[in-house]
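Fold and contact review
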Amino acid sequence: MTGRILVLEDNPADAALVCTFLEGEAEDGPGVTVAERLSEAIECLSERTFDLVLCDLSLPDADGLESVVALAQAAPETAIIVLSGSTDGQVALQALELGAQDFLLKGQIAADALSRAMTYAVGRKRKERRLSAMVMLDSMTGLANRKAFEHRLDELAAEARAPDGLSFALLFIDLDRFKPINDQLGHAAGDRVLRVVAERLVEGIRTKDMAARLGGDEFAVLVRGPIERASAVGLAERLADALGQPIPLPPHGARRISASVGLVLCPETGVEPDELTALADAAMYEAKRGGLGRVVAYPHDDMPESSDGVAEALRHALATGPLALWWRPRLDLVARGGPTVVAVPQWEGVPPGDSSDVERLTHEVADLDLAEVLVRRAMELAAQEELRQAARQGSVVFSLAVNPHLLMRDALVADILRTGEDLAAHHVSMELSVPEAVVGPEGREIAKTLAYIVRHGLRIMVADFGASGCRLSDLCDLHVHGLRLPVAWTRDTNLWPVARGVAALGTSLGLRVVGAGAFSAAQVEGLMQAGLHGVEGLAGPSLDSAAGVLRGMAPWASAH
């Protein structure tokens, strides 16, 4: 073996013996370096590249296997062989698990055995590096894959969080007009398009930046800063222009595609990877909605501003806490079937009905990009095993709050429907919760979309019906399944006659009318007498447990 070798040994006699064995091993290479302390070895590794480190475990400034961990972190591409006087097989096994390629006993080392061990260790390390690189690469394009992208994003976000951290830009890229190429010219032509896109992305960025293929025709670029908004937008526009140039596809001639690009900056927009990717994704969909080949930087100039602080509250919530599934009971007062549990996306640890309630923020925020981020974050909860397990115990509904304006975004609607199909396959129903604003002019604007959603098997519930006033005649043409009355209506007995009138109207129109509020025997009885079809509890037994809700509801179901 030839190359650069570092011997980490504090015993001069042992170091001299090892160097004697190494005579000729590095004669054609840069030679052998000896370090007596771990700190000295780390400094050597920071200054130059070594092919191999021969490491003793008994050092003045390191305790046992600490040195293996430190060396592996300092030089992840360098092979490590531990030289030790310990015959403890467990120590040898731990050394290999921590990153060493071999473990040799000092008293049994011979020159030829050491030579073979070094050759094999360096070979294993190189193979390990190749395999690791393959795991982090997209086989189609040679770009970084989603795993590598997420790892790099985490690194940049950690840098940005530091007091003197660097800014960086994140670009989400989705190809326009790609599907027709696959459908009309075949997958071979589609694969060539993806490879050309990858080449153009790499050509358009610096070596310290990263281009990644996230899957399908979706790509991402991470631009390490410092970088300002204007520069990031300029780069995004240059990349979009490059991707819009004709692509030769023999024998079909040249074809054009384009790319929609969403852009966010860190820390300007946020510092949490999940938040950044969600906002970049939303910006990309906004670009796609506005036409082909567009770039949208979040927040974009024509974004409507919230005048009541809802957008600010939502940004704060997105940045400070994850969403989790909470549960509220639903009791049918007419059919008197078994209890139903409604799964509600909610900020972790904050019960529904709090001032940061997900449904309220989604319905009220004027910033549609933020609203879409929240909806997509909520949809991720639909994949949780917790929902599937609950469905084995009883009837389960996944309730997704949606701002009605978002239903004009075709891509989001398509994703909502796919989520509904996935849930149905696991015996979970999906229900959209929309605000009372759909009962009126906005409802007429999205009537076709609502009908389309209903045809695909999703149920739509109007939340807080009667809280803000509407024209009842608009209910006739509204494609929804039911109305949920405000909490105040179900808790205030003076409003029950009004609830009775709404229930009668709903019945005549084929709409289910339910009351929202905490359960009590008197409330359930009064609402049933008022003709409501059901009640939902915003405060009930074990809100964080579906099984707890079902157990708590069993007596009500049998009594009513």
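Residues numbered from 1 in each chain as written. Predicted model: local features only at pLDDT ≥ 70, side-chain atom pairs only at ≥ 80, totals over all residues. Heavy atoms only, no water.

1. Points about the packing of helix α8 (residues 187-204) against helix α9 (residues 229-243)
Our working definition: Structural elements are reduced to axes, namely lines fitted to C-alpha atoms, with helices fitted over the stretch in contact, and the angle between N-to-C directions of any two is expressed from 0 to 180 degrees. What counts as a helix is a DSSP run of H or I of at least four residues, what counts as a strand is a run of E of at least two, and both are numbered from the N terminus. We call a crossing left-handed when the near helix sits turned anticlockwise from the far one by less than a right angle, and right-handed when that turn is clockwise. Contacts between residues were defined by any pair of non-hydrogen atoms, one from each residue, lying within 4.5 Å.
Where α8 contacts α9, the two axes come as close as 10 Å, and the packing angle between them is 145°. Classified by chirality, the crossing of α9 by α8 is right-handed. Counted together, Val197, Arg200, Leu201 and Gly204 of α8 and Leu235, Leu239, Ala242 and Leu243 of α9 form the full contact between these two elements.

2. So, the packing of aromatic side chains
Any pair of aromatic rings gets described here by the distance separating the centres and the angle formed by the planes. Put simply, the test is: Put simply, two rings from Phe, Tyr or Trp (the six-membered ring, in Trp's case) pair if the centres are within 6.5 Å, and we call them stacked under 30 degrees between planes, edge-to-face over 60, tilted for the rest. Only when the NZ of Lys or the CZ of Arg is both within 6 Å of the ring centre and within 35 degrees of the ring normal is a charge said to sit over the ring.
According to the stated counting rule, one finds one aromatic pair in the structure shown. A cation sits over an aromatic face here: arginine 4 above phenylalanine 50, 5.8 Å from the ring centre.

3. Comments concerning empty space enclosed by the protein
Using the following cut-off: Think of a 1 Å grid over just the protein atoms. A cavity is a set of points where a 1.4 Å probe fits yet cannot get out, a pocket is an open set with protein on both sides within 12 Å along at least five of seven lines, and lining residues have an atom within 4 Å of a point. Grid points are joined across faces, edges and corners, and a volume is the space filled by probe spheres set on the points. Each residue is assigned to one of three groups, with Ala, Val, Leu, Ile, Met, Phe, Trp, Tyr, Cys and Pro labelled nonpolar, Asp, Glu, Lys and Arg labelled charged, and all others, Gly among them, labelled polar.
Under the definition given, this model contains four cavities of 30 Å³ or more. Considered as a void within the structure, the second largest cavity measures approximately 40 Å³ in volume. Every residue lining the second largest cavity is listed: Asp51, Glu77, Val122, Lys125, Arg126 and Arg129. Of the residues that constitute the lining of the second largest cavity, the class distribution is one nonpolar, no polar and five charged.

4. Focus: the sheet that holds strand β7 (residues 102-105)
Applicable threshold: Should DSSP find at least two bridges between two strands, the strands are taken to pair.
Strand order in the open sheet made by the five strands is β2-β1-β3-β6-β7, with parallel pairing throughout. Looking along the sheet, the strands with just one partner apiece sit at the ends: β2 (31-35) and β7. Going from strand to strand, the sheet's axes swing by 20° on average, the running direction of each strand aside. Pairing between strand β6 (residues 79-84) and β7: four bridges, direction parallel. Within β7, the position partnered with isoleucine 81 by the bridge is aspartate 102. Of the strands in this sheet, β1 (4-8), β2 and β3 (52-56) touch helix α2 (residues 38-47), which is tilted by about 165° from β1.

5. Considering the environment of serine 395
Here is the rule: Pairs of N or O atoms within 3.5 Å make up the polar contacts considered here, provided that, within protein, one atom can donate a hydrogen while the other can accept it, and that residues adjacent in sequence are counted only when both atoms are side-chain atoms.
Relative to the assigned elements, serine 395 resides in strand β17 (residues 395-401). Along the chain, serine 395 and valine 428 lie 33 residues apart, while their C-alpha atoms are 7.5 Å from each other. Among the polar contacts made by the side chain of serine 395, one reaches the side chain of threonine 340 at a distance of 3.3 Å.

6. Quick look at the nonpolar core
Worth spelling out the cut-off: Joining through side-chain atoms within 4.5 Å is the link that ties buried Ala, Val, Leu, Ile, Met, Phe, Trp, Tyr and Cys residues into a set, and such a set is a nonpolar core. Classification of residues uses two cut-offs on accessible area relative to the type maximum, computed with a 1.4 Å probe and protein chains only: under 20% is buried, over 50% is exposed, and between them is partly exposed.
Residues Phe149, Trp347, Leu387, Phe398, Leu400, Ile416 and Leu432 are the most contacted members of the largest nonpolar core, which totals 92 residues. Beyond its immediate stretch of four places on either side in the chain, phenylalanine 398 contacts Leu325, Ala343, Pro345, Ala378, Leu381, Ala382, Leu387, Leu423, Val428, Ser429, Met430 and Glu431. The next biggest cluster of nonpolar side chains, apart from the first, holds 35 residues, and it includes Leu143, Val193, Ala198 and Ala297.

7. Focus on a negative patch on the surface
What counts here: Residues form patches when they are more than 30% accessible in relative terms and have no salt bridge. Like charges link within 9 Å. Nonpolar side chains (Val, Leu, Ile, Met, Phe, Trp, Tyr) link within 5 Å. Exposure was quantified through the Shrake-Rupley algorithm and a 1.4 Å probe, taking into account, for residues, occlusion by the shown protein chains and nothing else. What makes a salt bridge here is a side-chain nitrogen of Lys or Arg within 4 Å of a carboxyl oxygen of Asp or Glu, nothing more. Residues scored as charged are limited to Lys and Arg (positive) and Asp and Glu (negative), so that His and the chain ends carry no count. Just so you know, the charge point we use is NZ for Lys, CZ for Arg, CG for Asp and CD for Glu.
Side chains of Glu150, Asp154, Asp274 and Glu380 sit close together on the surface and give a patch of like negative charge. Residue position: aspartate 154 is located in helix α6 (residues 146-161).

8. So, the layout of surface pockets
Taken as a whole, the largest pocket encloses approximately 1,000 Å³ of empty space. Forming the walls of the largest pocket are 35 residues, and the residues nearest its centre are Glu218, Asp281, Tyr285, Arg376 and Asp415. Secondary-structure elements contributing two or more residues to the lining of the largest pocket are α6, β8 (168-176), α10 (273-289), α13 (368-380) and α15 (410-425). Among the residues making up the lining of the largest pocket, the classes are represented as 15 nonpolar, two polar and 18 charged.

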